[in-house]
Amino acid sequence: MRTPGTKLPEQPALRTSRVRRWLGHLFREWTIESWGPITPATAKPEPSQWSDTRVTLAWIGHSTVLINFFGVTILTDPVLFPRVGIRLPGFTIGPKRLTAPALEFHQLPQIDVILLSHAHFDHLDLRTLRCFGESTRVITARATRDLLKGTRFSHLTELDWGQSKSLSTAAGEIEITAFPVKHWGARTQRDTYRGYNGYLIERSGRRIIFAGDTAMTENFAQLGRHGPIDVAIMSISAYNPWIQSHCTPEQAVEMANAAGARFVVPVHHQTFRLSFEPFREPIERFETALSKTPERIALRKIGQTFVLPL
């Protein structure tokens, strides 16, 4: 007998029907948006002017952040083409960008390290990744190496949670550690074995978190044991209705606070329509959540650049 006031578990058939309705709605939105122009980014980074003696970040769009970490150049989840999804000859089935990337591929500096958080099409974009040469190192999640066979990368490292990799570059050493987040890594319905990571990046006593995609989790509280966190790059959208795998803006702030992050870079918004919340809602809620300490918001708009204070 059910205790009064308790909620019955949702039946699988009902859940499947609900997901299909959501996806049908998004597909209709993508079809309508396909006819519209892509809005240019509001700012344009100038990485050639960045100092190798500082830590500088620029939001290129979605979850793609360009980082100069004391001379080591890092790019997170690079996605630079107008559409993401299933690639067919001559076109791609999937959502179209609402905002153009702040930099095109030919405008990027030489990239030392690419971080890939998980295998979803809006994070591991093979069309973009095939543009890079073999000298760029790649750190990716467990059981995702096979997806990169068509690229030119010759230095690929899979990391599982708790594993670290030290990389030597022309500018010096950098340490990258994978940590657990609350998400999923499958690219299709059948490859649920794939991993999904957040990353802690350390160099010269400074630390940056790239969280990838995550729902609310207590794992961020453990990151402070590595030392003070300077910047946390946090996803803040796709929570409606995907709250089981994406955090709200308020939860993103809560997790960054748990890690002890000094500054926060909100990403994964204003680029693709992947959920139902209004276009501006995630950043507006994020700003409200940090209204008492707005100076902690490192970047707000695609194309903006942030230099970590000394």
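Parameters at a glance
Residues numbered from 1 in each chain as written. Predicted model: local features only at pLDDT ≥ 70, side-chain atom pairs only at ≥ 80, totals over all residues. Heavy atoms only, no water. Pairing = 2+ DSSP bridges. Helix = DSSP H or I, 4+ residues; strand = E, 2+ residues; numbered from the N terminus. Axes fitted to C-alpha atoms, helices over the stretch in contact; angles between N-to-C directions. Salt bridge = Lys/Arg side-chain N within 4 Å of Asp/Glu carboxyl O. Buried < 20%, exposed > 50% of the residue type's maximum accessible area, 1.4 Å probe, protein only. pLDDT = per-residue confidence, 0-100. Contact = heavy atoms within 4.5 Å. Right-handed = clockwise from strand over helix to strand, strands pointing away.

J.: Describe the sheet that holds strand S8 (residues 155–159), listing the residues and the values that go with them.
T.: Read across the open sheet, the seven strands follow the order S8-S7-S6-S3-S2-S1-S15; overall the sheet is mixed. Each edge of the open sheet carries a strand with a single partner, namely S8 and strand S15 (305–307). The sheet shows a mean angle of 20° between the axes of neighbouring strands, direction not considered. Examined bridge by bridge, strand S6 (residues 113–115) and strand S7 (residues 137–141) share three bridges and lie parallel to one another. Residue Leu-115 lies in a different strand from S7, and its bridge partner there is Ile-139.

J.: Lay out the pattern of salt bridges in plain terms, naming residues and giving numbers.
T.: Here the structure, examined in full by the defined rule, presents nine salt bridges. With its nearest N and O atoms 3.1 Å apart, the salt bridge here joins Arg-207 to Glu-202. For Glu-202, a relative accessible area of 17% puts it in the buried group. Ionic pairing is found between Arg-300 and Glu-287, a salt bridge with its closest N-O pair at 2.9 Å. With Arg-300 in the loop between helix H4 (281–289) and S15 and Glu-287 in helix H4, this residue pair connects regions lying 13 residues apart in the sequence. Here Arg-300 falls in the partly exposed class, since its relative accessible area comes to 28%.

J.: Tell me about the pairing of strand S9 (residues 164–169), and please be specific about residues and values.
T.: Pairing between S9 and strand S10 (residues 172–179): six bridges, direction antiparallel. From the neighbouring strand, Ser-168 faces S10, where its bridge partner is Glu-173. Hairpin connection, S9 to S10: the antiparallel pair is bridged by two residues.

J.: Outline the confidence of the model for the protein chain, supporting the account with residue identities and numerical values.
T.: On average, residues of the protein chain score 92 in pLDDT, and 89% of them are at 70 or above. Of the regions scoring below 50 in pLDDT, residues 1–10 engages in three contacts with residues more than four places distant in sequence or in other chains.

J.: Give me the sheet that holds S10: which residues, what numbers.
T.: As a general point, the strands of a sheet are linked pairwise by backbone hydrogen bonds and lie either parallel or antiparallel. Strand order in the open sheet formed by six strands is S9-S10-S11-S12-S13-S14, and the pairing between neighbours is mixed. Two strands close off the open sheet at either side, each with one partner strand: S9 and strand S14 (261–267). Neighbour-to-neighbour, the strand axes of this sheet turn through a mean angle of 20°, independent of strand direction. Here helix H3 (residues 249–259) sits on the sheet and contacts strand S12 (206–210), strand S13 (229–235) and S14; the angle it forms with S13, its principal contact strand, is near 155°.

J.: Any details on the pairing of S13? Residues and values, ideally.
T.: Buried residues dominate S13, accounting for seven of its seven residues. Pairing analysis gives three bridges linking S12 to S13, with the strands arranged parallel. Following the sheet pairing, Ile-208 is matched in S13 by Val-231. Following the backbone out of S13, through H3 and into the adjacent parallel S14, one traces a crossover that is right-handed.

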